Every structure is written in structure tokens, then in C-alpha cells.
Amino acid sequence: MTTRSMVGIAQRLYYNTATPTTPTWVQITIAKDIKVTADKEKVEITNRGHGETNRYAGGGVDMGFTFDVSNKPADAGFIALLASFTGKTSIELAAVDGDITVAGTQGVRAVCEVFKFEKTAGLKGEAKWDVEAAPTDSAEVPSFFTVTAP
């Protein structure tokens, strides 16, 4: 039994250049720190039959991706992300724990829109863009998934 890598450098970010049902994944090699957020709404369902103890159930999930990309405006990944931001168009993203073409690779995928594209150019270090993307109107439901076949 193999264990998936938990080392940050092994994690990868991809965008889909085809359709969600038949994806063609392209790695965003200029991605740096990648964060997948998934916060479930806590809905109070307390009633008189529960005594004096509040009860809760899970509501909607607020999911998204935040990451940095190197300042490389000619890079295809950079162009695709910027096009989603400026054009208000969707882009399917997948954040996974390895190569997306290898069976057993796990991650999160969602059809998103880029809502933040903010440049940071500190006195030291590389200039970069802070990117935030969240699911947008799509028939595809954001999901945790495991690659089953290459």
C-alpha cells in the first residue's frame, strides 16, 4: 500500500482546457502556495425536544482555492487565470496531491471564477499575484475525487 505525499512541493494545481466530462488538465507550474478552503455552514436545529442542549446540522459548503502565481504574464496558466478574472468567465480548477494522470491521486475540483487577482511586489522576494477562485454557476458540483484511471 502506497501513501500519498503530504509534502507541499508534491501538491499540484491544474486547469481544464476541455469539458468537465472529458477534461484535459494542464498544470499551473507557476503556482506557489496552494490552499483549498471548504467551510460548512453550521445551522442551528434546536427544538424544545432537545432539552437545554443546542443541536446543529451541516448547511451549505463554502469552497474555494487561494494560491499565488509567479509574475509570468506570458505563461499559459497565468493567461487562463487572468482571462477568467477580467472576462468574468469560468475555469475548472483541480488541486491534487500528485500527478493528475496517475490512478490514486486525490484532490478537489470545481468549475470556478477568479474573483481576486492581486499583485504583490515586496522589497525582497519574487513579485507574485495572489489569486482567489470559487465555484460559479455550473451543472458540475464541486467535489473531492480520486483519479481512477489515467
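Conventions adopted
Residues numbered from 1 in each chain as written. Predicted model: local features only at pLDDT ≥ 70, side-chain atom pairs only at ≥ 80, totals over all residues. Heavy atoms only, no water. Core = buried A, V, L, I, M, F, W, Y, C linked by side-chain atoms within 4.5 Å. Buried < 20%, exposed > 50% of the residue type's maximum accessible area, 1.4 Å probe, protein only. Helix = DSSP H or I, 4+ residues; strand = E, 2+ residues; numbered from the N terminus. Contact = heavy atoms within 4.5 Å. Pairing = 2+ DSSP bridges. Salt bridge = Lys/Arg side-chain N within 4 Å of Asp/Glu carboxyl O. Expected span 1.5 Å × (residues − 1). Arc of directions from axis to C-beta. Polar contact = N/O pair within 3.5 Å; in protein donor to acceptor, adjacent residues only side chain to side chain.

Novice: Is there a simple way to explain the nonpolar core in this structure?
Specialist: What tends to happen in soluble globular proteins is that the nonpolar side chains get buried as a cluster. The biggest cluster of nonpolar side chains holds 22 residues, and the ones touching the most others in it are Ile28, Phe65, Phe67, Val69, Leu81 and Leu93. Of all the elements in the fold, those that place two or more residues in this core are strand 1 (12-16), strand 4 (56-70), helix 1 (76-87), strand 5 (90-96), strand 6 (106-120) and strand 7 (128-135). In terms of residues, this core owes the most to one element, strand 6, which gives five residues. In this structure, Phe67 is in contact with Leu13, Asp33, Ile34, Leu81, Leu93, Trp129, Asp130 and Val131, ignoring residues within four places of it in sequence. Judged by nonpolar contacts, the second largest core, of seven residues, contains Tyr14, Trp25, Ala94 and Ile100.

Novice: What is the right way to read the pairing of strand 6 from this model?
Specialist: The side chains of a regular strand alternate between both faces of the sheet. Examined bridge by bridge, strand 5 and strand 6 share seven bridges and lie antiparallel to one another. Directly across from Ser90, in strand 6, lies its bridge partner Glu113. Strand direction decides the pairing type here: strand 6 and strand 8 (residues 143-146), joined by four bridges, are antiparallel. Opposite Val108, over in strand 8, you have Phe144 as the bridge partner.

Novice: Would you mind going over the pattern of salt bridges with me for this structure?
Specialist: Close approach of charged atoms lets side chains of opposite charge pair. Throughout the structure, instances matching the rule amount to six salt bridges. Between Glu92 and Arg109 there is a salt bridge; the shortest N-O distance is 2.8 Å. Note that Glu92 is positioned in strand 5 and Arg109 in strand 6, a separation of 17 residues in sequence. Across this residue pair, the class does not change: Glu92 and Arg109 are buried. With its nearest N and O atoms 3.6 Å apart, the salt bridge here joins Lys116 to Glu118. In this structure Lys116 comes out as partly exposed when scored by relative accessible area, which is 26%. Members of the salt-bridge network, linked through shared partners, are Lys116, Glu118 and Glu132.

Novice: How should I be thinking about helix 1 in this particular structure?
Specialist: For an α-helix, the turn length of 3.6 residues means that residues three or four places apart are oriented alike. For helix 1, built from 12 residues, the straight-helix expectation of 16 Å at 1.5 Å per residue is met to within 8% by its first-to-last C-alpha distance of 16 Å. Within the sequence span of helix 1, burial applies to Gly77, Phe78, Leu81 and Ser84. When helix 1 is viewed along its axis, its buried side chains cluster within an angular range of 130° and face the same direction. Taken together, the buried residues of helix 1 touch strand 1, strand 4, strand 5, strand 6 and strand 7. Among the residues of helix 1, the N-terminal cap falls to Asp75, whose side-chain oxygen and the backbone nitrogen of Gly77 are separated by 2.8 Å. Once helix 1 finishes, Lys88 follows within two positions and takes phi at roughly 55°, a positive value.

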